[in-house]
Amino acid sequence: MAQASQDQGAVGVADPDDDSPNMIAYRKIEYIITRLQDETEGVPVRTVKSFLSKIPSVVTGSDIVQWMMKNLNIDDPVEAIHIGSLIAAQGYIFPISDHVLTLKDDGTFYRFQVSLSTVSTINQIRIMWIESWQLWFPGCDLVSLKHC
């Protein structure tokens, strides 16, 4: 009985060598996301000013669609929107101010879902959290939480 549970592996852990249709699709999506997030060739990630605050680490839907058309050799914007919506439906990108997981070819702001699989992404999360905290609570000392 113990041998059978060891052969099955942990529940919910995907085998990266799995060639199932879902894993093949996820690997393709992750490849596109990796290219989208590339610092030199990817879509520009920026902080934008809102009415009373700043929104850090966002991209626009139109930037994503234009990038896909240019870098994935897609001729039709409808196809780029469709692929982007499939990626959003899987949770790799999500809209900031909308609850519908579709990609729109306009100025709607999106963020990339951050993976917790590597140390570098954990540091990115930490930096993004600190930047967001400092924007919302300027002058607040994060160590002692004074002046918050």
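Residues numbered from 1 in each chain as written. Predicted model: local features only at pLDDT ≥ 70, side-chain atom pairs only at ≥ 80, totals over all residues. Heavy atoms only, no water.

Peer 1: What is the right way to read unusual backbone geometry from this model?
Peer 2: A negative phi angle is the norm for most residues apart from glycine, just as the trans form is the norm for most peptide bonds. The backbone phi angle of Ser-57 is positive, close to 55 degrees, even though this residue is not glycine. By the element assignment, Ser-57 lies in strand β2 (residues 54–60). Positioned with a positive phi, Asn-73 is a non-glycine residue whose angle comes to about 55 degrees. Asn-73 gets classed as exposed once you look at its relative accessible area, which sits at 66%. (Helix = DSSP H or I, 4+ residues; strand = E, 2+ residues; numbered from the N terminus. Buried < 20%, exposed > 50% of the residue type's maximum accessible area, 1.4 Å probe, protein only.)

Peer 1: Would you explain the pairing of strand β1 (residues 46–49) in this entry?
Peer 2: A regular strand carries its side chains on alternate faces of the sheet. With 3 bridges connecting them, β1 and β2 associate as antiparallel partners. What sits directly across from Lys-49, in β2, is Lys-54. In textbook terms, the turn of a hairpin is the stretch between consecutive antiparallel strands, and for β1 and β2 this stretch comprises 4 residues. (Pairing = 2+ DSSP bridges.)

Peer 1: Is there a simple way to explain the sheet that holds strand β3 (residues 93–95) in this structure?
Peer 2: By definition, the strands of a sheet pair up through backbone hydrogen bonds, in either a parallel or an antiparallel sense. Here 4 strands make up an open sheet; going across it, the order is β1-β2-β4-β3 and the pairing antiparallel. The two strands at the open ends of the sheet, each matched to only one other strand, are β1 and β3. Pairwise comparison of adjacent strand axes, ignoring direction, gives a mean angle of 60 degrees for this sheet. Note: β2 against strand β4 (residues 109–112), 2 bridges, orientation antiparallel. From the neighbouring strand, Thr-60 faces β4, where its bridge partner is Phe-109. Each of β1, β2, β3 and β4 is contacted by helix α3 (residues 61–71), which is oriented at about 30 degrees to β2, the strand it contacts most. (Axes fitted to C-alpha atoms, helices over the stretch in contact; angles between N-to-C directions. Contact = heavy atoms within 4.5 Å.)

Peer 1: Mind showing me how you'd approach the confidence of the model for the protein here?
Peer 2: Should pLDDT be low for a region, the predicted coordinates there are not to be read in detail. The predicted model of the protein averages 80 in pLDDT, with 76% of residues at 70 or higher. The element-level mean pLDDT for the protein is lowest in helix α1 (residues 2–8), coming to 44, with α3 highest at 97. In this model, residues 1–13 is a region of pLDDT below 50 whose contacts with residues beyond four sequence positions or in other chains number 0 contacts. (pLDDT = per-residue confidence, 0-100.)

Peer 1: What should I look at first to understand the nonpolar core in this one?
Peer 2: Nonpolar side chains in soluble globular proteins generally cluster together in the buried interior. With 19 residues, the main nonpolar core has Ile-33, Leu-36, Ile-64, Met-68, Ile-87, Ile-93 and Phe-112 as its most contacted residues. Looking at this core, the elements with two or more residues in it are α2 (21–36), α3, α4 (77–89) and β4. (Core = buried A, V, L, I, M, F, W, Y, C linked by side-chain atoms within 4.5 Å.)

Peer 1: Could you clarify how one ought to interpret the packing of α3 against α4 in this entry?
Peer 2: Helix packing for two helices is described by the angle between their axes and how far apart those axes are. At a closest axis distance of 9 Å, the pairing of α3 and α4 adopts a crossing angle of 115 degrees. Considering their axes alone, α3 and α4 lie roughly perpendicular with respect to each other. By crossing handedness, the relation of α3 to α4 is classed as right-handed. Judged by residue contacts, Val-65, Met-68 and Met-69 of α3 engage Pro-77, Ala-80, Ile-81, Ile-83, Gly-84 and Ile-87 from α4. The class makeup of the residues in the contact of α3 with α4 is 8 nonpolar, 1 polar and no charged. (Parallel < 35°, antiparallel > 145°, perpendicular 65-115°, else oblique. Left-handed = near helix turned anticlockwise from the far one by under 90°. Nonpolar A, V, L, I, M, F, W, Y, C, P; charged D, E, K, R; others polar.)

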